[in-house]
There are 4 protein chains.
Amino acid sequence: MRILVSNDDGIYSPGIAALAEVASEFGTVRVVAPDVERSSTGHAITASRPLSYRATNIKGLTAYRVNGTPADCVSLGAYHWEKVDAVLSGLNIGLNLGNSLGHSGTVAAAKQAALLGLRGIALSAPSGAEPDFEPFKPWIRRVLQLLLGDVRLPLVNVNFPRDPRGLMWARASVRRYDGRIVPVKDPAGRTLFWSTVVPIEDADAGTDRWAVEQNWISLTPLRLDPTDDAQLQDARDAWPLDDALAMAVSPGTSSPEAARSVRDDESEASLTKA
Amino acid sequence: MRILVSNDDGIYSPGIAALAEVASEFGTVRVVAPDVERSSTGHAITASRPLSYRATNIKGLTAYRVNGTPADCVSLGAYHWEKVDAVLSGLNIGLNLGNSLGHSGTVAAAKQAALLGLRGIALSAPSGAEPDFEPFKPWIRRVLQLLLGDVRLPLVNVNFPRDPRGLMWARASVRRYDGRIVPVKDPAGRTLFWSTVVPIEDADAGTDRWAVEQNWISLTPLRLDPTDDAQLQDARDAWPLDDALAMAVSPGTSSPEAARSVRDDESEASLTKA
Amino acid sequence: MRILVSNDDGIYSPGIAALAEVASEFGTVRVVAPDVERSSTGHAITASRPLSYRATNIKGLTAYRVNGTPADCVSLGAYHWEKVDAVLSGLNIGLNLGNSLGHSGTVAAAKQAALLGLRGIALSAPSGAEPDFEPFKPWIRRVLQLLLGDVRLPLVNVNFPRDPRGLMWARASVRRYDGRIVPVKDPAGRTLFWSTVVPIEDADAGTDRWAVEQNWISLTPLRLDPTDDAQLQDARDAWPLDDALAMAVSPGTSSPEAARSVRDDESEASLTKA
Amino acid sequence: MRILVSNDDGIYSPGIAALAEVASEFGTVRVVAPDVERSSTGHAITASRPLSYRATNIKGLTAYRVNGTPADCVSLGAYHWEKVDAVLSGLNIGLNLGNSLGHSGTVAAAKQAALLGLRGIALSAPSGAEPDFEPFKPWIRRVLQLLLGDVRLPLVNVNFPRDPRGLMWARASVRRYDGRIVPVKDPAGRTLFWSTVVPIEDADAGTDRWAVEQNWISLTPLRLDPTDDAQLQDARDAWPLDDALAMAVSPGTSSPEAARSVRDDESEASLTKA
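Position numbers for residues count from 1 along each chain, tracking the sequence in the order it is written. Chains carry letters and ligands carry numbers; both start at the beginning, A for chains and 1 for ligands, and go up in the order they are written. Local features in this predicted model are restricted to residues whose pLDDT is 70 or higher, and side-chain atom pairs enter the listing and the counts only when it is 80 or higher, whereas totals over whole chains, interfaces and linings include all residues. Working from all heavy atoms in the structure, the side-chain values ignore hydrogens and water.

### What to know about the overall build of chain A
So, step 1. The number of helices and strands found in chain A is 9 helices and 11 strands.
So, step 2. The principal-axis extents of the C-alpha atoms in chain A amount to approximately 60 × 50 × 50 Å.
So, step 3. When the 274 residues of chain A are sorted by exposure, 62% land in the buried category.
So, step 4. Nonlocal contacts in chain A, meaning residues at least 24 apart in sequence, comprise 74% of its contacts between residues at least 6 apart. Comment: elements are numbered from the N terminus, with helices defined as DSSP H or I runs of at least four residues and strands as E runs of at least two. Exposed residues in this analysis have more than 50% of their type's maximum accessible area, buried residues have under 20%, and partly exposed residues fall in between, with area computed by a 1.4 Å probe over protein chains only. What makes two residues a contact is simply this: any of their non-hydrogen atoms within 4.5 Å.

### Notes on the packing of aromatic side chains
So, step 1. Classification of ring pairs rests on two measures: the distance between centres of Phe, Tyr or Trp rings, Trp counted by its six-membered ring, which must be within 6.5 Å, and the angle between planes, read as stacked under 30 degrees, edge-to-face over 60 and tilted in between. Within this structure, the stated rule accounts for 16 aromatic pairs over all chains.
So, step 2. With 6.1 Å between their ring centres and 80 degrees between their planes, F193 of chain A and Y53 of chain B make a pair best called edge-to-face. Note that F193 of chain A is positioned in strand β10 (residues 191-197) and Y53 of chain B in strand β3 (residues 53-58), a pairing that runs across two chains. In terms of burial, F193 of chain A and Y53 of chain B fall into one category: buried.
So, step 3. Through a chain of ring-to-ring contacts, three or more aromatic side chains come together here, namely Y53, Y64 and Y79 of chain A together with F193 of chain B.

### Focus: the relation of the copies chain B and chain A
So, step 1. Residues below a pLDDT of 70 in either copy are left out; the C-alpha atoms of the rest, at least 70 in both, set the least-squares superposition of the copies. In screw terms, the move from chain B to chain A is a rotation of 180 degrees and a rise of 0.0 Å along the axis, fitting with an RMSD of 0.0 Å. Expressed as an axis order, the relation between the two copies is that of a two-fold axis.
So, step 2. Mapped onto chain A, 100% of the interface residues of chain B again fall at the interface, so both copies present the same surface.

### Points about the side chain of D242 of chain A
So, step 1. Positionally, D242 of chain A belongs in the loop between α6 (229-238) and α7 (243-249).
So, step 2. Identification of polar contacts relies on pairs of N or O atoms within 3.5 Å, with a donor-acceptor requirement for protein atoms, meaning one able to donate a hydrogen and the other able to accept it, and with residues adjacent in sequence counted only if both atoms are side-chain atoms. From its side chain, D242 of chain A meets the backbone nitrogen of L167 of chain B in a polar contact 2.7 Å long.
So, step 3. Look past the residues within four positions of D242 of chain A in its chain and what remains in contact with it is R142, G166, L167 and W216 of chain B.

### Side note on the pairing of strand β9 (residues 179-185) of chain A
Residues and elements named next belong to chain A.
So, step 1. Pairing between strands is defined by DSSP: at least two bridges between the two strands are required. Pairing between β9 and β10: 7 bridges, direction antiparallel. Residue pairing for β10: G179 is matched across the bridge by V197.
So, step 2. Count of turn residues in the β9/β10 antiparallel hairpin: 5 residues, of which G189 carries a positive phi of about 90 degrees.

### Brief notes about unusual backbone geometry
So, step 1. Residue L91 of chain C is reached from G90 of chain C by a cis peptide bond, and omega for that bond is -10 degrees.
So, step 2. With respect to the helices, strands and loops of the structure, L91 of chain C is situated in strand β5 (residues 86-93).
So, step 3. One non-glycine residue with positive phi stands out, namely K59 of chain A, at about 45 degrees.
So, step 4. With respect to the helices and strands, K59 of chain A occurs in the loop between β3 (53-58) and β4 (61-66).
So, step 5. At N215 of chain C, a position not held by glycine, the phi torsion is positive, near 70 degrees.
So, step 6. As for its position among the elements, N215 of chain C is in the loop between α5 (208-213) and β11 (216-221).
So, step 7. Residue N215 of chain C is classed as partly exposed on the basis of its relative accessible area of 26%.

### Some words on the packing of helix α1 (residues 14-23) of chain D against helix α4 (residues 137-147) of chain D
Residue and element names in this part refer to chain D.
So, step 1. Look at α1 against α4: their axes get within 10 Å of each other, and the N-to-C directions meet at 55 degrees. Relative to α4, the element α1 lies oblique. For α1 against α4, the interelement crossing comes out right-handed. Contacts between α1 and α4 involve A18, L19, E21, V22 and A23 from the first element and K137, I140, R141 and L144 from the second.
So, step 2. Of the residues belonging to the contact of α1 with α4, the class tally is 6 nonpolar, no polar and 3 charged. Only the contacting stretch of a helix is used when fitting its axis, a line to C-alpha atoms as for every element, and angles between N-to-C directions run 0 to 180 degrees. Roughly parallel covers angles under 35 degrees, roughly antiparallel covers those over 145, roughly perpendicular covers 65 to 115, and oblique covers all other angles. Two helices cross in a left-handed way if the nearer one is turned anticlockwise from the farther one by less than a right angle. They cross in a right-handed way if the turn is clockwise. Gly is placed with the polar residues, together with every amino acid not listed as nonpolar (Ala, Val, Leu, Ile, Met, Phe, Trp, Tyr, Cys and Pro) or charged (Asp, Glu, Lys and Arg).

### Concerning the sheet that holds β11 of chain C
Residue and element names in this part refer to chain C.
So, step 1. Ordered in space as β3-β4-β2-β1-β5-β6-β7-β11-β8, the 9 strands form an open sheet in which the pairing is mixed. A strand with exactly one partner marks an edge of an open sheet, and here the two such strands are β3 (53-58) and β8 (166-169). Direction aside, the axes of adjacent strands within the sheet are offset by 25 degrees on average.
So, step 2. With 5 bridges joining them, strand β2 (residues 28-34) and strand β4 (residues 61-66) adopt parallel strand pairing. Residue pairing for β4: V31 is matched across the bridge by A63.

### A short note on the interface of chain C and chain D
Buried accessible area, meaning the area lost when the parts come together, often serves as the stated size of an interface.
So, step 1. With 127 residues of chain C at the contact, the number on the chain D side is 127 residues.
So, step 2. What counts as buried area is the accessible surface, traced by a 1.4 Å probe, that two parts surrender upon association, with contributions from both included. When chain C packs against chain D, the two sides together hide about 10,600 Å² of surface, and 61% of this comes from carbon and sulfur.
So, step 3. Sorting the residues of chain C by area buried against chain D places W169, F193 and D265 of chain C first, and these three jointly supply 7% of that buried surface.
So, step 4. Just to be clear on terms, a salt bridge is a Lys or Arg side-chain nitrogen sitting within 4 Å of an Asp or Glu carboxyl oxygen. Between the two partners, chain C and chain D, sit 6 salt bridges.
So, step 5. Measuring nitrogen to oxygen at the nearest pair gives 2.7 Å for the salt bridge that ties E266 of chain D to R209 of chain C.
So, step 6. The element best represented in the side of chain C that touches chain D is helix α8 (residues 256-265) of chain C, accounting for 9 residues.
So, step 7. Here the side of chain C that touches chain D is built from residues that sort into 64 nonpolar, 35 polar and 28 charged.

### Topic: the interface of chain B and chain A
So, step 1. In this complex, chain B contributes 126 residues to the contact, which on the side of chain A involves 127 residues.
So, step 2. One can count 6 salt bridges joining chain B with chain A.
So, step 3. On inspection of chain B and its partner chain A, the count reaches 40 residue pairs in polar contact (both at pLDDT 80 or more).
So, step 4. Per element, the largest residue contribution to the side of chain B that touches chain A is 9 residues, and it comes from helix α8 (residues 256-265) of chain B.
So, step 5. Of the residues contributing to the side of chain B that touches chain A, the split by class is 63 nonpolar, 35 polar and 28 charged.

### Quick look at the confidence of the model for chain A
So, step 1. The predictor's confidence in any single residue is recorded as pLDDT, a number from 0 to 100. Chain-level statistics for chain A give a pLDDT mean of 89 and a share of 93% at 70 or above.
So, step 2. Overall, residues 269-274 of chain A carries pLDDT values under 50, and its contacts beyond four positions in sequence, including any with other chains, amount to 28 contacts.

### Some remarks on the sheet that holds strand β7 (residues 155-159) of chain A
Residue and element names in this part refer to chain A.
So, step 1. Strand order across the open sheet formed by 9 strands is β3-β4-β2-β1-β5-β6-β7-β11-β8, with mixed pairing between neighbours. Single-partner strands in this sheet number two, and they are β3 and β8 (166-169). Neighbour-to-neighbour, the strand axes of the sheet open up by a mean angle of 25 degrees, direction not taken into account.
So, step 2. Relative to strand β11 (residues 216-221), β7 runs antiparallel, the two sharing 4 bridges.

### Some words on the environment of T106 of chain A
All names here are of chain A.
So, step 1. Considering the arrangement of structural elements, one finds T106 in helix α3 (residues 105-115).
So, step 2. Taking the relative accessible area as the measure of exposure, T106 reaches 1% and is therefore buried.
So, step 3. Along the sequence, T106 and S254 sit 148 residues apart, while their C-alpha atoms lie 34 Å from each other.
So, step 4. Apart from residues lying up to four places away in sequence, T106 is in contact with D8, S89, G90, N92, N96, A122, L123 and S124.

### Details of the pattern of salt bridges
So, step 1. Taken as a whole, this structure holds 40 salt bridges over all chains when the rule is applied.
So, step 2. Across the salt bridge formed by R223 of chain B and D229 of chain B, the nearest N and O atoms sit 3.5 Å from each other.
So, step 3. What makes R223 of chain B buried here is its relative accessible area of 17%.
So, step 4. R236 of chain D is paired through a salt bridge with D243 of chain D; the nearest N and O atoms lie 3.1 Å apart.
So, step 5. When salt bridges with common partners are traced through the structure, they connect E21, E134 and K137 of chain A into a single cluster.

What follows is the structure, given as structure tokens:
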């Protein structure tokens, strides 16, 4: 089994070494990860510049570092290593729960794997944990036994609590955002605003947040499609717009010219921004 | 009706002015947007530093610029202006279709609105279009009449083709990723790799990509919850793990201490990264 | 006379338009500037990726935007337009005085011009000024008459006070740094530290800072060479090290191989960093 | 002797550990460095947000990581540790020679030390070298013996060749920039431009570049003042402008109000940019 390991903390993060070490028990491992920490940068594929792909050394593992995003690493990794079976992303230093996983680079790498038709598994540990990942290794092993073995889900998000009691399936916690804005003064007397994220004290039972709060490892199957199918159907029924006309007069397959034109019209950072 | 307008191209982008102008016909408009272009930076709430919120002038509109992400702008905007009815994000220069909307700052602002319990509408125009948005204004008007009027969906993603023929509801296009890696040499002879996104020539009829290719404005209701409910149920049935035990022994509501501890263990960029 | 105009605030900053407009009275003007604000990014030549150079429109001027640094813009501008006579950088929104000009992108563009053998002139206005540059135009005109006319200095840094009384030559203010660290608490109770720059109340008469405080426009000729010649000579005299040996045994001109090897060993951001 | 060690490659770079280890032989060492690599970001003091200062562990050394620039680290380090005797910056992975040291974060940290009235020493190793710094340690030791001992220069830039033969004083190499623009096509057929830095084959004997090419360690005393004194005097003599008037009518010391106003008008990234 060929297992590609990436992350968003950068290739020299202790978390990726810990994950790759356990993954090595399940197959051949190759590490392809960003050369620096990319948590706070864009998660899209980098289309405005070419990327480097350079061999490096991570505890005796075959490893490559890329000057791009986690998703870039997965694309380049799959390009250079055919027949990858699964992509692991992590072990992230910091949980990725509920709403917040929308902007997680760790999850973005796993999503990119799923888009490429590969299995993607994102794994995150508590940020408060010491960068000693030894206690997590037996649990990582058990998660991989499950997700690389019988359970062949295309995209799963896994979070480890500080002291795991066991594993459970969990849905993402999507409670409303409980942030709080706190005005402060800077030393020059200007008012600034902290955007603090307050603890969400009533996470629903069965969600990833609740699971981790109760010291269960959460496993959440994710979907790539962000459409709200129920609302879409309701909206179509109640306000039909030009849907019927569009389906009637437009061919089922667009012309190559139309496909190319729309492709050009999608956002591509600095290359196409006016 | 109070309408907050934001974007990810930055407050001085011509797109936001065009959108705000049309929105003014529907209520009181306030613009709160990033001080510089934020397409390629993080989309999360900024929790590691306080944010500035400064009055500026955009074509006679009440406007504030924030040194943060699009999601920060929505949070700060809603903090400073109570009883906001809807948040518009755009008009983005560049379409946000299918898979790619996961890393769109334009969509992130609309999502943040939905998380705050407000309606969020993301609007994107072709990047190839001239920064003359006049031809789009009648269509923006029609979209707002619909989405600020009868149809009160919490989160909708709207894309405008170059020459719209009408409006249609569409699901997101989630075809597999059709990227292609192209190796090139830099002037020093080192091999680098372009990650090019090739045109997807067989977008499914009824998707946002297909709609825009056929010159229909696409309206896609989005869900905040990324869970794959069907797979979650299947997985629970086939591999029960410790789910039953967890639900039996863990209280339905976590303690405040557990909530706070997990909150601290979530990733927070540079403040908590080891 | 061919005049290349760049800046670090980005090509759509009102300051560059004002400067280009006045410069047009002195010759043919071409604007080549970063596509987004680059004040806080690297000032070196970008060697890790290729750059785009795209025509755009700035108030009827010939203009190109580059996805790179101010120094990149000068290099690319000079590449595309042979026989440039002078490079103007600005009008920056924010003064660049004394010590701080070492990390100014505005000054970096002018320095790059000087390195290319072109005249480089950096011009900065008060950041507190309204983005109405009309009152500065007569003064910009007078500065350009002087520096594009008789006075042909290779590299000059110019700062405009809010209400100029006249022009004076000034040396850079290099008083010790009078910053002050102020500890603050974030909303979670963690201590953070503001690095505030306190007003320097005793700028020496004759320096750029003093000049601007007294409402004189300061013109400061800069040197490219950062060597402290006097200290170098003193050190050589007092502690000769291997200087004599090195000069005796090493050839006056290095081999091409040695030049190339050292070139490779210089820092080049992500491409060569381990 | 109290020795503060910083860098721009980030606190977990192997270079800073190697430098700190040798420095420990000369006094008490404290490491204060950026939490991530900062080579390509701004070098100024960060004035727009507060900074964190967090204890971390680097091979048993007292160490703190800062979410800011190298110059910020020096300021915060000196704030928290009174009576620092010297600041070492490095060991940078990548040489910092001649013109390029103007945008070096490694040199910026040493400059900040000098601005604070402390000695600053920047040390850089070849980027092509293996991240095994053992062979450099005896040479680092000899450099520190010299520069922390008898020779008490305020600001020195040191570069190590791959196989040092000895030490020499050298002036900075300020040959004109020998870059070359190379047009390339991206996979979509668009023309882009590589800015390549060609080897400078005729570095002057006695300069830092020449020294390193000949395998001598170069030590270059730097000045903080960028003024070209000779040109300033010549310009004053030939075109007196309003210098005499300014010196006659303006007080030798500015008012506190004027100092504060000019301070506010200096550039401060996102906080004051319009």
